[in-house]
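Structural characterization, general
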Amino acid sequence: MKEVRILQGLVLLCILMVPVLIIVFLKSFGSNRYDIPILYETGVENPFGECIVEESGQHYIPEFRLFTQENKERGKSEMNGKITIVDFFFTSCPSICPVMSTEMERVDDAFRNESDVQIYSISIDPEYDTPEVLASYAQKHLATPEKWFFLTGDKAEIYNLARCGFILPTLDGLGDPEEFIHSDKFVLVDDIGRIRGYYSGTKREEVDRLILETKILLHGKE
């Protein structure tokens, strides 16, 4: 009988402790923060002086104007107030671009109904990738209209933008698809033009992290 009372007492104690444990857990959980870094707060390296950038202050994506798959102008001003995910690619790319574009389909789908998130896929072979070619490519990858923009335009502007704006290595292949060099990175840019992260567009787990961190930025929990 004594053992039964002891057991009953322990059960009652456990029941009474449950709300306390929940409160402690919630308080601990509420104090945790998922910090997303702000990159290039003290400027970017520019050893050869090829870029016009802030070398001692916060780096922002510079002004640019390109053309979408619908042959409409779009650029930096349309990034203001939105989270933008950016990659550099070209439609005839024989290596990493197909994988990148397939992964970007997942990003597009994740934010299909979020008007404050958009995607810029910028061609590094603008002489071949006309708006008409990009429109066909966008259709192939089921790009959401007014969400996922494929951009083309002046080659010099695009290469300068890649190297000096998004700080990504890019090399002109002079028309030979095998000779183009570009990064596999997806770039996360916040609503005021700061780079918040780079993610490999060929690795599913990296793209999953991009989606997560975009959601955190979107809901103001960074």
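The shown structure was predicted, so the numbers you read here are calculated from the model rather than taken from an experiment.

1. Digging into the sheet that holds strand β9 (residues 195-200)
Taken together, the 5 strands give an open sheet; going across it, the order is β5-β4-β3-β8-β9, and neighbouring strands pair in mixed fashion. Either end of the sheet is taken by a strand with one partner, and the two such strands are β5 (148-151) and β9. Averaged over all pairs of adjacent strands, the angle between strand axes in this sheet comes to 20°, irrespective of strand direction. Sheet topology note: the strand β8 (residues 185-189)/β9 ladder contains 5 bridges and is antiparallel. Across the sheet, residue L188 finds its bridge partner in β9, namely G197. Of the strands in this sheet, β3 (83-89), β4 (117-123), β5 and β8 touch helix α2 (residues 97-110), which is tilted by about 165° from β3.

2. Here we look at the confidence of the model for the protein
With 77% of its residues at a pLDDT of 70 or more, the protein has an overall mean of 84. This model gives residues 173-180 a pLDDT under 50, and the stretch forms 17 contacts once residues within four places in sequence are excluded.

3. Some words on the nonpolar core
Ranked by internal contacts, the top residues of the largest apolar core, which has 49 residues, are F88, V107, I122 and F166. No other element matches helix α5 (residues 204-218), which puts 6 residues into this core.

4. Side note on the state of the cysteines
Throughout the structure, instances matching the rule amount to 1 disulfide. Between the sulfur atoms of C51 and its disulfide mate C164 the distance is 1.9 Å. Residues C51 and C164 are joined through a disulfide that is left-handed, its torsion about the S-S bond being -70°. One end of the pair, C51, is in the loop between α1 (2-31) and β1 (65-67); the other, C164, is in helix α4 (residues 155-165), and 113 residues separate them in sequence. Taking relative accessible area as the criterion, C51 reaches 13% and is therefore assigned buried.

5. Some words on the environment of S92
Examined against the element boundaries, S92 turns out to sit in the loop between β3 and α2. Distance in space between the C-alpha atoms of S92 and Y128 is 8.6 Å, their sequence separation being 36 residues.

Parameters and conventions
- Residues numbered from 1 in each chain as written.
- Predicted model: local features only at pLDDT ≥ 70, side-chain atom pairs only at ≥ 80, totals over all residues.
- Heavy atoms only, no water.
- Pairing = 2+ DSSP bridges.
- Helix = DSSP H or I, 4+ residues; strand = E, 2+ residues; numbered from the N terminus.
- Axes fitted to C-alpha atoms, helices over the stretch in contact; angles between N-to-C directions.
- Contact = heavy atoms within 4.5 Å.
- pLDDT = per-residue confidence, 0-100.
- Core = buried A, V, L, I, M, F, W, Y, C linked by side-chain atoms within 4.5 Å.
- Buried < 20%, exposed > 50% of the residue type's maximum accessible area, 1.4 Å probe, protein only.
- Disulfide = S-S within 2.5 Å.

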